[in-house]
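Now for the letters of each chain:
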Amino acid sequence: MSDLLVIGAGLSGLMAAYTAVKAGMRVTIAAKGLGSMHWGAGTIDVLGYTATQPELPVKRPLEQIQSLIQQNPQHPYALLTNEHIAQTLATFVALSKDIGVPYGGATNPGDNVLLPSPAGAARPTYLAPKAQLAGDLSRSEPMLIVGFEGMRDFYPELIAENLTHLGYPARAAFLPLKLITNRRDSNTVQLAQGLDNKEQRALLAAALRKIVRPGERIGLPAILGMDAHITFLAELERETNSPVFEIPTLPPSVPGVRLYKAFRGHLQSLGVRLTAGLEVISTQTTAPNGVPGAVQWVESATSARPLKLRADKFLLATGGILGGGFNSDVNGRVWETIFNLPLTIPQERADWFNPGFLNPQGHPVFKGGVKVNASFQPIGANDQPLYANLWAAGNLLAHSDGIQERSVEGTAVATGVAAAQALSG
Amino acid sequence: MHTKSWHSVGPSLDECIKCNICTSYCPVAAVTDLFPGPKYVGPQAQRFRENGQPQTPDHSVDYCSGCRVCNEVCPTGVKIAELNARARAQIVSEKGIPLRNRLLGRNEMLGKLGHIVPGLANFGLHNSFSRVMAEKVMGIARQAPLPHWSTDGSFGDWFKKTQAQRLKSDKKVVYYHGCATMYYEPFIGKATVAVFEHNGYEVLVPPQNCCGLPMLSNGEFGAAADYHQNNINKLLVYAQAGLDIVGTSTSCTLTLKEEAPELLDMDSDNAKAITNATWDIFEWLRERHELGELKTDFRQMNMVLPYHAPCQYRAHRVGKPAMDIMALIPGIDIRESHARCCGIAGTYGYKKEKYQIAMDVGAELFDFVADQGGDVEMTACDSETCRWQLEHGTDLPSRHPVEILAAAYGLYDLEKRQLL
């Protein structure tokens, strides 16, 4: 039997599992499917924008968190000290290096770095894969944005034009798609896997060498190899004599897949069993009656009878409304899918949204979630933990709007690590 | 709160958020662009497959191997593989089924025929002239790892012959052996009976039919429904008596439990009784172990054993119970494969146009085995066609985990594949 069952295989679940296994616990992860790491840009956004200055990217996120907390004292970041958040991020960076997908940040430590988005906007993030860092918009070299004719989901002219408009000089160029693949149709992951091939890599490097001008840096869609990625990046920079960077694409996100695969492999080597395809459909708990109850087991659907998943402790890391931690019906009722924990989300559809799709204040439906105490235990109306052996982390936590704040991954890393520290301490 | 999954096959497509995770993990789309990927042929094309549609919009769905990696990784629970299986059945009902696929679907009939004079049947099938002809005339790949009929009798023959020696006990279990154990690999059945009896169970082997899976995967839903109904008729009395029906072929047990009733919309109480009574052998053994009932008087087994859980376990959604149990054996060094699929996918890799795809898919697994070093003498996998493919791709013998377990109990010779 496991000491800890983590439900969910997103960034918060994996960080929690990593922290717990390092603390000596026997850890199992059960997930309905693979999650949000495959959709995002592969960056670790800690805090990108605040409601008070919605047009201005946050410069120093860890410092700015203090004013965020003043505005929003119940924000999940408020459960941690600044030093603690910084420690969890340092844990992530060290881990990323250990598992071969190194992350880094701005040249000036503590700053956000502005990177080109796939729409050619300047996107603030705190940590990015090494392959994205030469896109740092504070650097002065003009950019050559290279796409592939016929590749869906990446438009170099759009990116170059928008970047130039923002004051970051860039021009676009196209290469033929058949330079990198013989397939009729490919998604980004398949293109990246194709570029693990050495000959294909050499062809691309030679073609880039012909079109790059001295002093330029080269931006490419994030498909520069899957397993051979780090080698390939070095090859390209050497062959073109120019800095090379990746720009995230529409999903599936190759940078996210690289991180997930390396992280999962590392956890497996540490003895963590991760099983996807397990959808938890029921729970067995002792009834809370003034005092906290306990989770005895959860059950997942199988081809026949439910499978009991037992553990001493349980950590819920199923994500928010996109990750699958919540579900809703047409009338506006929103519920937490596994334990039916109380949510701060409005239960009337009319109360879900503020006026305006891109309202700088965000929308109540995205800000709501599971309330936890300082030890990351879900709490009820009386602020007491509902179950003595249940913890929660990540984007299902109440009082943050990760997409609005650009804090999705920062919240996942910080609360994933901290919740696991709380439960293993 | 949900007490059961709210998804059923058809409506589940509305859960698709177009994230493409399925296509990114699909082992078939990774090696050929004849298959554009689960998202396109599944939830995407499904919107154009309404009833009464004169023609199916997409024939590339035939290149889906049914490995269900897509179902496993889907974050929202779309039953992609099942959508694809139904789409294939729609194509078969429109265009008819090739003789080859009809033949490959008829495991039980082929087993029975070959069993009459197995030596001759083996010679007839396995000489190189026949294989070339079978490829030219029917499209069965000449290199594909087809099985050999057992030349020392079927499992049924042995079970009948040894009736007097069989354990009698109050604890009884029904054994669903499947066609491969019956006609090709009776030693799997013998090892299984030995493991059951060692744990104090009397083994009942009632008459039974092919589970129908080969027909389901080749789109012959009508014939598959007949087979499933026959099995319900033959096994129901045991299910109603509260006996467990335990199988050693992960694909047969999956079909009895879920694939047949779900794909064929057979949701009678009788079908449900069969679902609830059926267990895969290691799922059942793990349950015994959790209840403290499994004997663990194992011998030391000094071996490095690469183990590949077959795709059907992914669909069973019970984790990897064979690993859980084999891990109890002292001395055994199990190397867990994380390869997505061996490629064979039932009868998929037997087909001429799919043979190379199957080998390319399996390369991930073959490379994993090769990486485990020179101490490896055999591999293990629960599913028969996967074992044959593993042997074909690695040149190493492959064993069912129940053979490993029987050997660990000191009841079975792993090399000769016979009871001691």
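Residues numbered from 1 in each chain as written. Chains lettered and ligands numbered in written order. Predicted model: local features only at pLDDT ≥ 70, side-chain atom pairs only at ≥ 80, totals over all residues.

**Remarks on the overall build of chain B**
Inference 1: On a plain count of helices and strands, chain B comes out with 22 helices and ten strands.
Inference 2: Expressed as lengths along the three principal axes of its C-alpha atoms, the size of chain B is roughly 60 × 55 × 40 Å.
Inference 3: Across the 420 residues that make up chain B, the buried fraction comes to 53%.
Inference 4: Of the contacts made within chain B by residues no fewer than 6 positions apart, 76% connect residues no fewer than 24 positions apart. (Helix = DSSP H or I, 4+ residues; strand = E, 2+ residues; numbered from the N terminus. Buried ≥ 20, exposed ≤ 12 C-beta atoms within 10 Å, placed from the backbone. Contact = placed C-beta atoms within 7 Å.)

**Focus on the sheet that holds strand 2 (residues 202–204) of chain B**
Residues and elements named next belong to chain B.
Inference 1: What the four strands build is an open sheet, ordered 2-1-3-4; its pairing is parallel. Taken across any chain shown, the strands that pair with only one partner, and hence form the sheet edges, are strand 2 and strand 4 (278–280). Taking the axes of each pair of neighbouring strands and ignoring which way they run, one obtains an average angle of 40° across the sheet.
Inference 2: Where strand 1 (residues 172–176) and strand 3 (residues 245–247) come together, three bridges link them in parallel fashion. Within strand 3, the residue paired with Val174 across the bridge is Ile245.
Inference 3: Strand contacts of helix 15 (residues 250–263): strand 1, strand 3 and strand 4, with the helix running at about 155° to strand 4, the strand carrying the most contacts. (Pairing = 2+ DSSP bridges. Axes fitted to C-alpha atoms, helices over the stretch in contact; angles between N-to-C directions.)

**Some points on the interface of chain A and chain B**
Inference 1: Contacts between the two partners involve 32 residues from chain A and, on the opposite side, 33 residues from chain B.
Inference 2: Those elements giving two or more residues to the side of chain A that touches chain B turn out to be helix 5 (188–194), strand 11 (273–276) and strand 12 (280–285) of chain A.
Inference 3: Considering every element that reaches the side of chain A that touches chain B, the biggest residue donor is helix 5 of chain A, with three residues.

**Points about the sheet that holds strand 8 (residues 170–176) of chain A**
All names here are of chain A.
Inference 1: The strand order 8-7-9-10 describes an open sheet built from four strands, whose pairing is parallel. Two strands close off the open sheet at either side, each with one partner strand: strand 8 and strand 10 (244–247). Direction aside, neighbouring strands of the sheet carry axes that sit 30° apart on average.
Inference 2: Here three bridges tie strand 7 (residues 143–149) to strand 9 (residues 217–221), and the two strands are oriented parallel to one another. The residue of strand 9 that forms the bridge with Met143 is Arg217.

**Points about the domain arrangement of chain B**
Residue and element names in this part refer to chain B.
Inference 1: For chain B, the domain assignment lists domain 1 (11–95), domain 2 (99–138), domain 3 (155–290) and domain 4 (303–419).
Inference 2: Between domain 1 and domain 4, the C-alpha centre-to-centre distance is 27 Å.
Inference 3: Of all elements in the fold, only helix 2 (27–31) and helix 4 (69–73) reach the threshold of two or more residues within the side of domain 1 that touches domain 4.
Inference 4: With three residues, helix 2 is the single largest residue contributor to the side of domain 1 that touches domain 4.
Inference 5: Within the side of domain 1 that touches domain 4, the residues separate by chemical class into six nonpolar, three polar and two charged. (Domains from an automatic or database assignment. Nonpolar A, V, L, I, M, F, W, Y, C, P; charged D, E, K, R; others polar.)

**Concerning the packing of helix 15 of chain B against helix 16 (residues 269–277) of chain B**
All names here are of chain B.
Inference 1: Where helix 15 contacts helix 16, the axes come no closer than 8 Å and their chain directions differ by 145°. Seen from helix 15, the contacting residues are Leu256, Lys257, Glu258 and Pro261; seen from helix 16, they are Ala271, Ile274 and Thr275.
Inference 2: A class-by-class count of the residues in the contact of helix 15 with helix 16 yields four nonpolar, one polar and two charged.

**Thoughts on the environment of B:Phe368**
All names here are of chain B.
Inference 1: On the secondary structure map, Phe368 appears in helix 20 (residues 355–370).
Inference 2: Accessibility expressed as a C-beta count within 10 Å gives 18 for Phe368, which makes it partly exposed.
Inference 3: Separated by 351 residues in the primary sequence, Phe368 and Ile17 have C-alpha atoms spaced 33 Å apart.
Inference 4: With residues up to four places along the chain from it excluded, the contact list for Phe368 reads Pro306, Ser337 and Ala339.

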